[in-house]
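In case you want the letters, here they are:
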Amino acid sequence: MTSSSGSLKLEIHTDDKTPGKWSVPLGDESFRRFLSGGGGSEKAVFGEGSLYSPFLFGKYFDPSDAFPLWEFEAEVLLASLRSLGHCRVDWSQTDQAYVLKSDLPVVGKNNVQVYVDVSGKVMEISGQWNNNKKTAVNGDWRSGRWWEHGYVRRLELPGDADSKNSEVFFSNNEDCSFLEIRIPKINSKSKF
């Protein structure tokens, strides 16, 4: 299904078959070693200004941990990245909805998935970016050193977020992919 702007509308999943995925924490030192030894793909996915960068919020924050994004003003947290031209993400809220917009680097297979947990309190945006590495012993790359294979950002949803009526749109071109998530507010009278 496509939107009027030519974006593909993605399904938001709630039936996560592997709820323990991303269970191996990505520590600060592990990430620095991984990024320093990596090539262009690693830097494109996890580099400065990316939604998936552990340093997006000014200090190290494991992307597999839930972050209360909408409690912070994008203008404040992203000011230095914007001034340097490195910002590839933005979020805002209106009286009707919460909105997240992000560039996604085009690296290999770009299979973005969005999950909302059963309680509707955490949204997970993830994807696989590298198929060339070995899978973990149990066959699920996300249970091992997941950052070598994929990316994730887990977001705490605000208390008035209507996760059941959220919409996710994905558009793709040669240089970059773009993700837009719209989460209506429960008490909002109009939809977006």
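- The name given to the protein in an unreviewed UniProt entry is 21.7 kDa class VI heat shock protein-like isoform X1, with the source organism recorded as Camelina sativa.
- Reading the Sequence similarities (unreviewed entry) entry of the UniProt record for the protein gives the comment "Belongs to the small heat shock protein (HSP20) family."

Regarding the overall build of the protein
So, point 1. Helix and strand counts for the protein come out as 4 helices and 10 strands.
So, point 2. When the elements of the protein are put in sequence order from the N terminus, they spell out β-β-α-α-β-α-α-β-β-β-β-β-β-β.
So, point 3. Burial statistics for the protein: of 192 residues in total, 47% are counted as buried.

Concerning the environment of Arg145
So, point 1. Note that Arg145 resides in the loop between strand 7 (122-128) and strand 8 (150-156).
So, point 2. Separated by 115 residues in sequence, Arg145 and Ser30 place their C-alpha atoms 9.7 Å apart.
So, point 3. At 2.8 Å, the side chain of Arg145 forms a polar contact with the side chain of Glu148.

A word on the pairing of strand 4 (residues 89-93)
So, point 1. Inspection of the sheet shows strand 4 paired to strand 5 (residues 97-105) by 5 bridges, in the antiparallel sense. By the bridge assignment, Asp90 is partnered in strand 5 with Lys101.
So, point 2. The antiparallel hairpin formed by strand 4 and strand 5 contains 3 residues in its connecting segment.

Considering the pattern of salt bridges
So, point 1. Under the definition given, this model contains 8 salt bridges.
So, point 2. The partner of Arg32 in a salt bridge is Asp28, and the shortest N-O contact between them spans 2.7 Å. A residue pair is termed a helical-turn pair when its members lie 3 or 4 positions apart in one helix, as Arg32 and Asp28 do in helix 1 (residues 28-37) at 4 residues.
So, point 3. Owing to a relative accessible area of 42%, Arg32 belongs among the partly exposed residues under this scheme.

A look at the sheet that holds strand 7
So, point 1. Read from one edge of the open sheet, 5 strands run 2-6-7-8-3, paired in mixed fashion. Of all the strands in the sheet, the pair left with one neighbour each is strand 2 (12-13) and strand 3 (66-67).
So, point 2. As paired strands, strand 2 and strand 6 (residues 113-116) are joined by 2 bridges and run parallel to one another. Counterpart to His13 in the pairing with strand 6 is Tyr115.

Points about the side chain of Ser64
So, point 1. In this structure, Ser64 sits in the loop between helix 2 (40-46) and strand 3.
So, point 2. Overall, Ser64 belongs to the buried group, its relative accessible area being 8%.
So, point 3. For Ser64, the side chain forms a polar contact with the side chain of Asp62, separated by 2.9 Å.
So, point 4. Other than its neighbours up to four places away in sequence, Ser64 contacts Trp22, Trp146, Val152 and Arg154.

Looking at the layout of surface pockets
So, point 1. Computed from the structure, the largest pocket encloses a volume of approximately 250 Å³.
So, point 2. What lines the largest pocket is a set of 15 residues, among which Asp16, Pro19, Asp117, Glu124 and Arg154 lie closest to the centre.
So, point 3. Those elements giving two or more residues to the lining of the largest pocket turn out to be strand 6 and strand 7.
So, point 4. Class assignment of the residues belonging to the lining of the largest pocket gives a composition of 6 nonpolar, 2 polar and 7 charged.
So, point 5. Along its surface, the second largest pocket is lined by 13 residues, and Glu48, Gly49, Phe55, Leu56 and Leu81 are the ones closest to its centre.

Focus: the packing of aromatic side chains
Two aromatic rings are characterised by how far apart their centres lie and by the angle between their planes.
So, point 1. A full pass over the atoms with the stated rule returns 14 aromatic pairs.
So, point 2. When the ring of Phe57 is compared with that of Phe61, the centres are 6.3 Å apart and the planes differ by 90°; the resulting orientation is edge-to-face.
So, point 3. Aromatic pair Trp146 and Trp147: ring centres 5.4 Å apart, planes at 80°, arrangement edge-to-face. Assigned by exposure class, Trp146 and Trp147 land together as buried.
So, point 4. Ring pairs connect the aromatic residues Phe31, Phe34, Phe46, Phe55 and Tyr60, which therefore count as one cluster.
So, point 5. We note Lys185 situated over the ring of Tyr98; from NZ or CZ to the ring centre the distance is 4.8 Å.

Conventions adopted
Residues numbered from 1 in each chain as written. Predicted model: local features only at pLDDT ≥ 70, side-chain atom pairs only at ≥ 80, totals over all residues. Heavy atoms only, no water. UniProt positions renumbered as here; feature names shortened; annotations may be inferred. Helix = DSSP H or I, 4+ residues; strand = E, 2+ residues; numbered from the N terminus. Buried < 20%, exposed > 50% of the residue type's maximum accessible area, 1.4 Å probe, protein only. Polar contact = N/O pair within 3.5 Å; in protein donor to acceptor, adjacent residues only side chain to side chain. Pairing = 2+ DSSP bridges. Salt bridge = Lys/Arg side-chain N within 4 Å of Asp/Glu carboxyl O. Contact = heavy atoms within 4.5 Å. 1 Å grid on protein atoms, 1.4 Å probe; cavity = no way out; pocket = protein on both sides within 12 Å on 5 of 7 lines; lining within 4 Å. Points joined across faces, edges and corners; volume = space filled by probe spheres on them. Nonpolar A, V, L, I, M, F, W, Y, C, P; charged D, E, K, R; others polar. Phe/Tyr/Trp six-rings, centres within 6.5 Å; stacked < 30°, edge-to-face > 60°. Lys NZ or Arg CZ within 6 Å of the ring centre and 35° of its normal.

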